[in-house]
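Examination of the molecular architecture
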Amino acid sequence: MRISKTYQFRTITDLPTLGYIFHPIKYLENFYPDFSNWYYDKLVPDILLGNDKVLLMERNHNLIGVSILKDQEEKKLRALRILPQYQKKGLGLYLIDKSLEVLGTDKPHCTVAEEMFHQYSRIFVNRYNFNLTSVEKGLYRKAKLEYFFN
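Computed from a predicted model, the values in this text were never measured in an experiment. (Residues numbered from 1 in each chain as written. Predicted model: local features only at pLDDT ≥ 70, side-chain atom pairs only at ≥ 80, totals over all residues. Heavy atoms only, no water.)

**Section: the overall build of the protein**
What the protein contains, in helices and strands, is 4 helices and 7 strands. Its C-alpha atoms give the protein a radius of gyration of 15 Å, near enough to 15 Å, the size a compact globule of 150 residues would have. Seen through its C-alpha atoms, the protein measures out along the principal axes to roughly 40 × 35 × 30 Å. For the protein, buried positions account for 47% of its 150 residues. A fraction of 57% describes how many contacts in the protein between residues 6 or more apart in sequence connect residues 24 or more apart. Summed over its atoms, the accessible surface of the protein is roughly 8,400 Å², and 49% of this surface lies on carbon and sulfur atoms. Across the protein, 22 positive and 17 negative side-chain charges occur, with their mean positions spaced 7 Å apart. (Helix = DSSP H or I, 4+ residues; strand = E, 2+ residues; numbered from the N terminus. Rg over C-alpha atoms; globule rule 2.2 N^0.38 Å. Buried < 20%, exposed > 50% of the residue type's maximum accessible area, 1.4 Å probe, protein only. Contact = heavy atoms within 4.5 Å. Areas by Shrake-Rupley, 256 points an atom, 1.4 Å probe, with all protein chains shown as cover. Lys, Arg positive; Asp, Glu negative; His and termini not counted. Charge placed at Lys NZ, Arg CZ, Asp CG, Glu CD.)

Here's what the structure looks like:
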């Protein structure tokens, strides 16, 4: 996919921006109950140490979306969030494309909560040729499924 020049992407490593972007992605706590603690206790230190990356998608200095990437030996698309006012416009594809470019792989590991499976599975399988490798019940939330790709 050709990425429009009207969207800018940047990785961030500074504490003020990491604090600023937490609010727009806090919604992920609905699917990952310990998300806040993981974000501040695990992710932020790993970003500051250069082990992980946060990729921002912006337009005219307005935040459109956030991608959290594990960029170590294991390449993983940890989280992806397009802000509500920009959803259902295909912008997530731009963010996924750029995330794959930053990770340097076309088959990163990723998981999807059962409530989001239908939203992502068709795109992951048909567009990106991701492979569904396993399904686990109760991994993050009791009696809820988590789908694993690649």
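From this point, the discussion proceeds with the structure in view.
**Considerations on the pattern of salt bridges**
Going through the model one piece at a time under the given rule, you end up with 12 salt bridges. A salt bridge links K75 to D71; its shortest N-O distance comes to 2.4 Å. Classification of K75 by relative accessible area gives partly exposed; the value is 26%. On the accessibility criterion, D71 (17% relative accessible area) is buried. Residues K144 and E114 are paired through a salt bridge, measuring 3.6 Å at the closest nitrogen-oxygen approach. Residue K144 is located in the loop between β6 (132–137) and β7 (145–149), and its partner E114 is located in the loop between β5 (110–113) and α4 (117–127); the two are separated by 30 residues in the primary sequence. For K144, a relative accessible area of 30% corresponds to the partly exposed category. Exposure remark for E114: the relative accessible area of 25% places this residue in the partly exposed category. Salt bridges sharing partners connect three or more residues here, namely E114, E115, R141 and K144. (Salt bridge = Lys/Arg side-chain N within 4 Å of Asp/Glu carboxyl O.)

**A look at the sheet that holds β6**
Taken together, the 3 strands give an open sheet; going across it, the order is β5-β7-β6, and neighbouring strands pair in antiparallel fashion. Across the chains shown, the open sheet's two edge strands, defined by having one partner strand only, are β5 and β6. Direction aside, the axes of adjacent strands within the sheet are offset by 25 degrees on average. Of the pairings in the sheet, the one linking β5 to β7 comprises 4 bridges and is antiparallel in character. Opposite V112, over in β7, you have Y147 as the bridge partner. (Pairing = 2+ DSSP bridges. Axes fitted to C-alpha atoms, helices over the stretch in contact; angles between N-to-C directions.)

**A word on the nonpolar core**
Counting 47 residues, the largest nonpolar core has I21, Y39, V54, I68 and F124 as the members making the most contacts within it. When sequence neighbours within four positions are dropped, the list of residues in contact with V54 reads R10, T11, I12, L18, I21, L43, I47, V66, S67 and I68. (Core = buried A, V, L, I, M, F, W, Y, C linked by side-chain atoms within 4.5 Å.)

**Focus: the pairing of strand β2 (residues 52–59)**
Within β2, 6 of the 8 residues are buried, which leaves the element mostly enclosed by the surrounding structure. Looking at chain direction, strand β1 (residues 8–12) and β2 are connected through 5 bridges and run antiparallel. Note that in β2 the partner of T11 across the bridge is L55. Strand direction decides the pairing type here: β2 and strand β3 (residues 62–71), joined by 8 bridges, are antiparallel. For R59, the partnering residue across the bridge sits in β3 and is N62. The turn linking β2 back onto β3 is made up of 2 residues, and N60 within it adopts a positive phi angle of 50 degrees.

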